[in-house]
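# Observations on chain architecture
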Amino acid sequence: MIAQYQNSFQLENNLLRQIAIKENQLQIAREFDMLYVAKELQSQLSKLQSRLLELQNPEFAALMSLLDD
């Protein structure tokens, strides 16, 4: 149980770090009018945020898995 909690905690921290990096990259892409790069970064950021939401809310993850089928 403790190992599962630690893995979840590490995964959440990793996702938060990845989200922060993508947000910085997105800000830079927008500042330099890199429209296609910004669009792709926004897509990647949305996916990371969805994964974080699923991790934080298992009921939401179960609901989304029903929609994926």
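An account of the accompanying structure is given in this report. (Residues numbered from 1 in each chain as written. Predicted model: local features only at pLDDT ≥ 70, side-chain atom pairs only at ≥ 80, totals over all residues. Heavy atoms only, no water.)

Below, the discussion takes up the nonpolar core. One finds Leu15, Ile19, Leu26, Ala29, Ala38, Leu41, Leu45, Leu48 and Leu52 forming the largest nonpolar core, which totals 9 residues. By residue number, the principal contributor to this core is helix α2 (residues 35-56), which donates 5 residues. Non-local contacts of Leu48, meaning those with residues more than four positions away in its chain, are made with Leu15, Gln18, Ile19 and Lys22. (Core = buried A, V, L, I, M, F, W, Y, C linked by side-chain atoms within 4.5 Å. Buried < 20%, exposed > 50% of the residue type's maximum accessible area, 1.4 Å probe, protein only. Helix = DSSP H or I, 4+ residues; strand = E, 2+ residues; numbered from the N terminus. Contact = heavy atoms within 4.5 Å.)

A surface patch of nonpolar side chains, about 380 Å² in accessible area, is lined by Ile28, Phe32, Met34 and Val37. By the secondary structure assignment, Phe32 is in the loop between α1 (2-31) and α2. Relative accessible area serves as the criterion here: at 60%, Phe32 is assigned to the exposed category. (Patch = residues over 30% accessible without salt bridge, like charges linked within 9 Å, V, L, I, M, F, W, Y side chains within 5 Å. Areas by Shrake-Rupley, 256 points an atom, 1.4 Å probe, with all protein chains shown as cover. Salt bridge = Lys/Arg side-chain N within 4 Å of Asp/Glu carboxyl O.)

Before going further, it helps to examine the side chain of Lys22. The topology assignment puts Lys22 in helix α1. Summary of buried charges: Lys22 has no salt-bridge partner, and the nearest side chain of opposite charge, Glu40, is 7.7 Å away. Beyond its immediate stretch of four places on either side in the chain, Lys22 contacts Leu41, Gln44, Leu45 and Leu48. (Lys, Arg positive; Asp, Glu negative; His and termini not counted.)

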